[in-house]
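Chain and residue survey
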Amino acid sequence: MLRPRGSKKAAQFTESVIREMTRLAHQHGAVNLSQGFPDFPAPEAVKEAACAAIRADINQYAVTWGARPLREAIAAQFTARHRVPVDADAQVTVCCGATETMMAVLLASVDPGDEVIVFEPFYENYGPDAIVSGAVPRYVTLQEPDWTFDPDELAAAFNDRTRAIIVNTPNNPTGKVFSRAELETIAALCRRWDAIAITDEVYEHIVYDDARHVALMTLDGMAERTVAINSMSKTFSVTGWRVGWAVGPPALAAGVRKVHDFLTVGAPAPLQQAAAFALDLPDTYFSELAAHYQVRRDRVIAMLERAGLRCAVPAGAYYVMTDITGLGWTDDVAFVQHLIEDIGVAAVPGSSFYRPAATHAVSGGLGRVRFCFCKKEETLAEAERRLARLTPR
Ligand SMILES: Cc1ncc(COP(=O)(O)O)c(C=O)c1O
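Here we summarise the structure given alongside this text.

Overview of the pattern of salt bridges
Inspection of the entire model under this criterion finds 21 salt bridges. Taking the shortest distance from any N to any O, the salt bridge between R385 and E382 comes out at 2.8 Å. A residue pair is termed a helical-turn pair when its members lie 3 or 4 positions apart in one helix, as R385 and E382 do in helix α13 (residues 377-387) at three residues. Overall, E382 belongs to the partly exposed group, its relative accessible area being 25%. Among the charged side chains, a salt-bridge network with shared partners connects R68, R71, E72 and D89.

Quick word on helix α2 (residues 17-28)
A rise of 1.5 Å per residue sets the reference length of α2, with its 12 residues, at 16 Å; its end C-alpha atoms lie 16 Å apart and thus fit the reference within 8%. When α2 is considered as a whole, its buried residues turn out to be I18, M21, T22 and A25. End-on, the buried residues of α2 take up no more than an arc of 100°, which puts them together on one face. Exposed and oriented more than 90 degrees from the buried face of α2 are H26 and Q27. The inward-facing, buried residues of α2 abut β1 (31-32), α12 (332-343), β11 (345-346), β12 (348-349) and β13 (368-372). Among the residues of α2, the N-terminal cap falls to S16, whose side-chain oxygen and the backbone nitrogen of I18 are separated by 3.3 Å. Downstream of α2 by a residue or two, G29 has a phi angle that is positive, lying close to 65°.

Quick word on the site of the ligand
Taken together, the neighbourhood of the ligand is formed by 15 residues, with T99, D200, Y203, S231 and S233 sitting nearest. A distance of 2.6 Å is found between a nitrogen atom of the ligand and a side-chain nitrogen or oxygen belonging to D200. One of the side-chain N or O atoms of Y203 is found 2.6 Å from an oxygen atom in the ligand. When the ligand sits alone it has 400 Å² of accessible area, and the protein chains cover 93% of it. Considering every element that reaches the shell around the ligand, the biggest residue donor is helix α5 (residues 97-109), with three residues. By residue class, the composition of the shell around the ligand is six nonpolar, six polar and three charged.

Quick look at the sheet that holds strand β6 (residues 196-200)
The strand order β2-β8-β7-β6-β5-β3-β4 describes an open sheet built from seven strands, whose pairing is mixed. With partners counted over all chains shown, the strands left at the sheet margins are β2 (92-95) and β4 (136-141), one partner each. Each strand axis lies, on average, 20° off the axis of its neighbour in the sheet, ignoring direction. When strand β3 (residues 115-120) meets β4, the two strands line up parallel, connected through six bridges. From the neighbouring strand, E115 faces β4, where its bridge partner is V136. Here helix α9 (residues 250-264) sits on the sheet in contact with β2, β5 (162-168), β6 and β7 (226-231), set at roughly 25° to β2.

Description of the side chain of T379
As for its placement among the helices and strands, T379 is situated in helix α13. One polar contact links T379 to D39, side chain to side chain, over a distance of 2.5 Å. In this view, T379 contacts V31 and D39; residues no more than four positions away in its chain are not counted.

Let's talk about the packing of aromatic side chains
This structure, assessed with the given rule, holds 15 aromatic pairs. Centroid distance F40 to Y293: 6.3 Å. Interplanar angle 50°. Geometry classified as tilted. Of this pair, F40 sits in the loop between β1 and α3 (44-55) while Y293 sits in helix α11 (residues 283-306), and the two are 253 residues apart along the sequence. Considered together, F40 and Y293 belong to a single accessibility category, that of buried residues. On the basis of an interplanar angle of 75° and a centroid distance of 5.9 Å, the ring pair of F236 and F286 is categorised as edge-to-face. With F236 in the loop between β7 and β8 (244-247) and F286 in helix α11, the pair connects residues that are 50 residues apart, well separated along the chain. Note on accessibility: F236 and F286 belong to one class, buried. We note K375 situated over the ring of F37; from NZ or CZ to the ring centre the distance is 3.9 Å. For the cation-ring pair, R393 lies above W329, with the distance from its terminal atom to the ring centre recorded as 4.0 Å.

Rules used throughout
- Residues numbered from 1 in each chain as written.
- Predicted model: local features only at pLDDT ≥ 70, side-chain atom pairs only at ≥ 80, totals over all residues.
- Heavy atoms only, no water.
- Salt bridge = Lys/Arg side-chain N within 4 Å of Asp/Glu carboxyl O.
- Helix = DSSP H or I, 4+ residues; strand = E, 2+ residues; numbered from the N terminus.
- Buried < 20%, exposed > 50% of the residue type's maximum accessible area, 1.4 Å probe, protein only.
- Expected span 1.5 Å × (residues − 1).
- Arc of directions from axis to C-beta.
- Contact = heavy atoms within 4.5 Å.
- Polar contact = N/O pair within 3.5 Å; in protein donor to acceptor, adjacent residues only side chain to side chain.
- Near = heavy atom within 4 Å.
- Areas by Shrake-Rupley, 256 points an atom, 1.4 Å probe, with all protein chains shown as cover.
- Nonpolar A, V, L, I, M, F, W, Y, C, P; charged D, E, K, R; others polar.
- Pairing = 2+ DSSP bridges.
- Axes fitted to C-alpha atoms, helices over the stretch in contact; angles between N-to-C directions.
- Phe/Tyr/Trp six-rings, centres within 6.5 Å; stacked < 30°, edge-to-face > 60°.
- Lys NZ or Arg CZ within 6 Å of the ring centre and 35° of its normal.

Take it as geometry only, folks, not as evidence of what the structure does.
Put into structure tokens, the structure is as follows:
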């Protein structure tokens, strides 16, 4: 019998562990603190803008690289926030979420065999993204407790084959917000090795305490070699809308636009109109978003620490990496299985943010589990009740 063969590329990565955890949470009726999507409503005015756009019959393909009102809103917001001029006609590409944007940027800027530097632990999409685009990922460790990197290790990762570095700040899964000094180190190496920076800034508005988001593109000489990726998903609590974008120098944007056109033609047209409206919300919307998550962060950290899980306090984004070794566990996957099936709470095994677990120690994922806290108070309260049943092994 004919046995169809999948591609060698697809064989190199597994299904998403994060999304698999959501499936298991449903199957076992667990409170889902795994995948990073809010379970509370999206802002009423933003939903209204989407409904109005559908009723106004903005229901056909938008311009492939993005509807003009949205591209203009993206350019205006970027310039207002970061003081970098952006040409909406030449530099902005709207895609289906940051996810498609990252894939389109890599496909458009990397050749097979080029190296792409990725900080580890990493958002799990970057590995498959690199493989699909033919790149060879090179990993640089973010070291606990503050998830900083060793400048010498980073410098050693750059070489003649380095095409790009992916920088996710604020960071998933660690909650790290890269400091200006750290970004300066990265920028200097990009300039020295003529590499580009691809920044994933989907959590840019979710920062805590005195942390400040710095866009790498604002540093000296970086506007011409940085592609900044962002999205509606996290800022407006609409992860299902699939609207994201890239801002980059015209020469790179031209390639991204072509790749994006043939991947998806375009992001949902009426939701692009709503995105343009949303980006224009008053500043208070964005500051309240961060304040709202800071309350949840503090609540969840207290809850997890009470349950015996030591937390690395995040400075941004809405995740917390916890240490399960205090409870006697050194196998993150077995712990999460116990958590989902016996305790009734879903989280994500730490090893899914590292290269294959076999190469790693307990500090490299096996002893870590990520919880997200973008959830309603009732959801967190139910998780807390259930976590009270967690006992040391
Ligand atoms: C760092 C990071 N980038 C990108 C995404 C995906 O964003 P989008 O929904 O816009 O595709 C996520 C979602 O969890 C994320 O954490």
